[in-house]
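Close look at the chain arrangement
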Amino acid sequence: MSGTVSRRKWLKNGAATAAGAAGLTVAVKIADRYGLIPPDCGGIWGPGVALTYASQRMLTSGHSMAREFNRSEISKVTPVSGWQPKTDEYQRMKKNGFKEWRLTIDGLVARPSSFSLEEIKRMPTRSQITHQACEEGWSFIAEWTGVPLSYMLNLVGISPKANYVAYFAFDKAWDSVDMPDALHPQTLLAYGMNGEDLLPDHGAPIRLRVPRQLGQKSKKYLWKMTVLDSLKNVGDGRGGIDPSEGYTWYMGI
Ligand SMILES: Nc1nc2c(c(=O)[nH]1)N[C@H]1C(S)=C(S)[C@@H](COP(=O)(O)O)O[C@H]1N2
Ligand SMILES: [Mo]
């Protein structure tokens, strides 16, 4: 009987071997029981993506830390990904030192709020020197300064139903992290880089820094965050703009 079942699974998974497919399917079932299914878990790569995510989450439960570096290791060259948002709104705010900019936090929170840059800068500060790696192959080490996202989430009071934090950028990019990454002590809402205000090219006025994932997760030019129990109804339901373009949602390193 198990032979029939695994053959059906083999057909479903296409590229995988029968044994591998059965193993992956079992792993996915276990992952599901522990709430470890990523939002982009569909199609042919789905079981593999779920397995990577679930095993990282099981191995790194309890906030394993990204490596932090010495000041002498800060990179002299800091490449830039993408272009500054071209919208009038962004360019106007930039000219005015982002005085009118506010970050909105809504969704499953007790106190939906919006904060100015000045208010965010008065919150507890953390600086860390971490490595940011782009999926295209380049990387650099920089010092990032900001407020831990966990501080802000506690301030607005997240619901016990919260499973994800989605974040939205002026250039239409958006993304999301699960609660282990959102509450991770190194996940920052960063407004400073290498001792200066964050430059527009690097995401002014505020970007997220998620040092336990590839640079892609560290979205720049943020204007809104939403706390959610599910990502199903945001965009095409895969948790961000990158899965829609063929990348995986989870980019843990
Ligand atoms: N809003 C927004 N955030 C973004 C991007 C982008 O195009 N738009 N690119 C991402 C990618 S792919 C990487 S590798 C990092 C690079 O950050 P940097 O430009 O500060 O080097 O930003 C990420 N954040
Ligand atoms: Mo990237």
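Note that this is a predicted model, so its numbers are computed, not measured.

Another point: the overall build of the protein chain. Within the protein chain, the secondary structure is distributed over eight helices and 10 strands. Across the 253 residues of the protein chain, 47% fall into the buried class. Contacts in the protein chain between residues far apart in sequence, at least 24 positions, make up 66% of those at least 6 positions apart. If you sum the accessible surface of the protein chain, you get close to 12,900 Å²; carbon and sulfur atoms cover 55% of it.

Every regular strand shows the same layout, with side chains that alternate between the two sheet faces. In this structure, strand 3 (residues 126-133) lies alongside strand 4 (residues 139-148), joined through eight bridges in antiparallel fashion. Counted as the bridge partner of T130 is A142 from strand 4.

Attention shifts here to the nonpolar core. Grouped burial of nonpolar side chains is what soluble globular proteins tend to show. With 35 residues, the main nonpolar core has W101, I120, M152, L189 and M225 as its most contacted residues. Within the residue set of this core, elements represented by two or more residues are helix 4 (88-95), strand 1 (102-107), helix 5 (117-121), helix 6 (149-156), strand 5 (164-169), helix 7 (179-182), strand 7 (188-193) and strand 10 (222-228). With four residues, helix 6 is the largest single contributor of residues to this core. Once residues lying within four places of it in the same chain are set aside, the contact partners of W101 are M93, F115, S116, L117, I120, F170, P205, I206, L222 and W223. Judged by nonpolar contacts, the second largest core, of 10 residues, contains Y53, Y164, A166 and V234.

Averaged over every residue, the pLDDT of the protein chain is 89; residues scoring 70 or more account for 89%. Contacts of residues 1-18 to residues separated by more than four positions or lying in other chains number 14 contacts, the stretch itself having pLDDT below 50.

Further remarks concern the site of ligand 1. The local shell around ligand 1 holds 19 residues, among which P79, D171, H202, R207 and K220 are the closest. A distance of 3.1 Å separates an oxygen atom of ligand 1 from a polar atom in the side chain of Q132. Residue K220 places a side-chain N or O atom 2.5 Å away from an oxygen atom belonging to ligand 1. For ligand 1, whose free accessible area comes to 530 Å², the fraction covered by protein is 92%. Because more than half of its atoms lie within 2 Å of the grid, ligand 1 is assigned to the largest pocket. Classifying every residue of the shell around ligand 1 by side-chain character gives eight nonpolar, six polar and five charged.

Bringing the sheet that holds strand 6 (residues 174-178) into the picture now. With mixed pairing, five strands are arranged side by side in an open sheet as 2-1-10-5-6. Each end of this open sheet is capped by a strand with a single partner; those strands are strand 2 (113-116) and strand 6. Strand-to-strand, the axes of this sheet are offset by a mean angle of 20 degrees, without reference to chain direction. Taken strand by strand, helix 6 contacts strand 1, strand 2, strand 5 and strand 10, and its axis lies near 135 degrees from that of strand 2.

Calculation notes
- Residues numbered from 1 in each chain as written.
- Chains lettered and ligands numbered in written order.
- Predicted model: local features only at pLDDT ≥ 70, side-chain atom pairs only at ≥ 80, totals over all residues.
- Heavy atoms only, no water.
- Helix = DSSP H or I, 4+ residues; strand = E, 2+ residues; numbered from the N terminus.
- Buried < 20%, exposed > 50% of the residue type's maximum accessible area, 1.4 Å probe, protein only.
- Contact = heavy atoms within 4.5 Å.
- Areas by Shrake-Rupley, 256 points an atom, 1.4 Å probe, with all protein chains shown as cover.
- Pairing = 2+ DSSP bridges.
- Core = buried A, V, L, I, M, F, W, Y, C linked by side-chain atoms within 4.5 Å.
- pLDDT = per-residue confidence, 0-100.
- Near = heavy atom within 4 Å.
- Polar contact = N/O pair within 3.5 Å; in protein donor to acceptor, adjacent residues only side chain to side chain.
- 1 Å grid on protein atoms, 1.4 Å probe; cavity = no way out; pocket = protein on both sides within 12 Å on 5 of 7 lines; lining within 4 Å.
- Sits in = over half its atoms within 2 Å of the grid points.
- Nonpolar A, V, L, I, M, F, W, Y, C, P; charged D, E, K, R; others polar.
- Axes fitted to C-alpha atoms, helices over the stretch in contact; angles between N-to-C directions.

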